[in-house]
Amino acid sequence: MGWLLDWKRKRVLARHSIDDALWRRAQRHLPFLAGLSADEERRLKELAVLFLAEKDLAPVGGLVLSDDDRVEIALQACLPILELGIEWYDGWVGVVIHPSDFKVTRAETDEDGVRHEWNDELAGESWPGGPVVLSWEALDDSGSVAEGGANVVIHEFAHKLDMMSGEADGVPPMPSRAARERWIEVFDMEFDRFCGEVDAGKETFLDPYAAEHEAEFFAVASEAFFESPNALMRDFPKLYELFRGFYRQDPAQRLAA
Ligand SMILES: [Zn+2]
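Residues numbered from 1 in each chain as written. Predicted model: local features only at pLDDT ≥ 70, side-chain atom pairs only at ≥ 80, totals over all residues. Heavy atoms only, no water.

**Q** Would you explain the coordination of the zinc ion in this entry?
**A** Six octahedral donors around a metal ideally make angles of 90 or 180 degrees; four tetrahedral donors ideally make 109.5 degrees. Note on the zinc ion: its protein donors are His155 (NE2), His159 (NE2), Glu216 (OE) and Glu216 (OE). The metal-donor distances range over 2.1 to 2.8 Å. Donor residues for the zinc ion sit on one chain with the sequence pattern H-x3-H-x56-E. Taken as a pair, histidine 159 in helix H6 (residues 152-163) and glutamate 216 in helix H8 (residues 214-227) lie far apart in primary sequence, 57 residues in all. Under the relative-accessibility criterion, histidine 159 is labelled buried at 8%. Since its relative accessible area comes to 14%, glutamate 216 is described here as buried. (Donors = N, O, S within 2.8 Å, 3.2 Å for Na, K, Ca; no water. Helix = DSSP H or I, 4+ residues; strand = E, 2+ residues; numbered from the N terminus. Buried < 20%, exposed > 50% of the residue type's maximum accessible area, 1.4 Å probe, protein only.)

**Q** Even after reading the chapter, I still don't get the pairing of strand E4 (residues 115-122), so can you show me in this structure?
**A** On a regular strand, each side chain points to the face opposite its neighbour's, so the side chains alternate between the two faces of the sheet. By the bridge criterion, eight bridges tie strand E3 (residues 102-109) to E4 in an arrangement that is antiparallel. If you follow valine 104 over to E4, its bridge partner there is aspartate 120. (Pairing = 2+ DSSP bridges.)

**Q** What am I meant to see in the packing of aromatic side chains here?
**A** Pairs of aromatic rings are described using the distance from one ring centre to the other and the angle between the two planes. Evaluated as defined, the whole model comprises 25 aromatic pairs. Relative to tyrosine 89, the ring of phenylalanine 51 lies with its centre 6.3 Å away and its plane at 75°, an arrangement referred to as edge-to-face. One end of the pair, phenylalanine 51, is in helix H3 (residues 38-54); the other, tyrosine 89, is in the loop between helix H4 (67-78) and strand E2 (94-98), and 38 residues separate them in sequence. Ring geometry for phenylalanine 225 against phenylalanine 243: centres 5.8 Å apart, planes inclined by 70°, an arrangement best described as edge-to-face. Here phenylalanine 225, found in helix H8, pairs with phenylalanine 243, found in helix H10 (residues 237-247); they are 18 residues apart in sequence, far enough to count as distant. An identical accessibility class is assigned to phenylalanine 225 and phenylalanine 243; each is buried. Here lysine 55 stacks its cationic end above the ring of tryptophan 92, 4.1 Å away from the centre of that ring. (Phe/Tyr/Trp six-rings, centres within 6.5 Å; stacked < 30°, edge-to-face > 60°. Lys NZ or Arg CZ within 6 Å of the ring centre and 35° of its normal.)

**Q** Whenever I open this one, the side chain of aspartate 69 confuses me. Can you help?
**A** Inspection of the secondary structure puts aspartate 69 in helix H4. At 2.9 Å, the side chain of aspartate 69 and the backbone nitrogen of serine 66 are in polar contact. Excluding residues within four positions of it along the chain, aspartate 69 makes contact with Val64 and Trp136. (Polar contact = N/O pair within 3.5 Å; in protein donor to acceptor, adjacent residues only side chain to side chain. Contact = heavy atoms within 4.5 Å.)

**Q** Would you take a moment to explain helix H2 (residues 20-29) for this structure?
**A** In an α-helix, one turn spans 3.6 residues, which is why side chains three or four residues apart end up on the same side. Listing the buried residues of H2 in full gives Leu22, Trp23 and Ala26. When H2 is viewed along its axis, its buried side chains cluster within an angular range of 100° and face the same direction. As for H2, its buried residues are in contact with H3 and H4. With a side-chain oxygen lying 3.0 Å from the backbone nitrogen of alanine 21, the N-terminal cap of H2 falls on aspartate 19. (Arc of directions from axis to C-beta.)

**Q** So what exactly am I meant to see when it comes to the sheet that holds strand E1 (residues 56-59) here?
**A** Two pairing modes exist for strands in a sheet, parallel and antiparallel, and in both the strands are linked by backbone hydrogen bonds. Taking strand neighbours across the sheet as the criterion, the four strands line up as E1-E2-E6-E5 in an open arrangement whose pairing is mixed. Two strands lie at the open edges of the sheet, namely E1 and strand E5 (124-126), each paired on one side alone. Each adjacent strand pair in this sheet contributes to an overall mean axis angle of 15°, direction not counted. Bridging between E2 and strand E6 (residues 132-135) involves four bridges; their strand directions are parallel. Within the sheet, the bridge partner assigned to valine 96 lies in E6 and is valine 133. (Axes fitted to C-alpha atoms, helices over the stretch in contact; angles between N-to-C directions.)

Set out below in structure tokens:
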């Protein structure tokens, strides 16, 4: 069925595009889109068009999205897959956008069989095979905090890439077994070092939240890779190299140019 999907995608691209004025407004708002070559820019716009055609962006709670809003979400979601391809987001369609951070009820049964329930307030969430859920409030911030490296869109979509190989565990699909082993070796080393720094109360460039789980470390470091690549390269050079290999992009070099 691959040919049918290819044909559909070609048809979408023949009919839709992102106009220049809209692209320039998005670029002003999202400084990490700077430094792309003309070819990269063209491919990113195409990915965003396909993303908007194939995904269902559903604002809830009275939220209304403009065309600019939709395009900006799509561009941020597609930057990580610029060299990977839109297929990396296959298997689900929903992107739910809440007006602000949203509450979810969590439940866990402990070893004594006692059930605990609590509320979490989240800026984003993603599930295997399910939708990506985002908070507009957090999303609206992401364009303007480039120095801080926070970006809820890249964060949640990085979880999606991670989950392409099953559970979210900080190990996205790798081209070979050797590559996977190499990834785990370097990634775990950097994760352990980071957790040690957080435990020691050291000030860290990455959000200490990343110490909660390997999957969060991958998502938070992915935000930094695209938004503050120089800081990531300075503090986690081996991780930066690993990400450069996986994403097949070099944002530090791009943003320096
Ligand atoms: Zn997360």
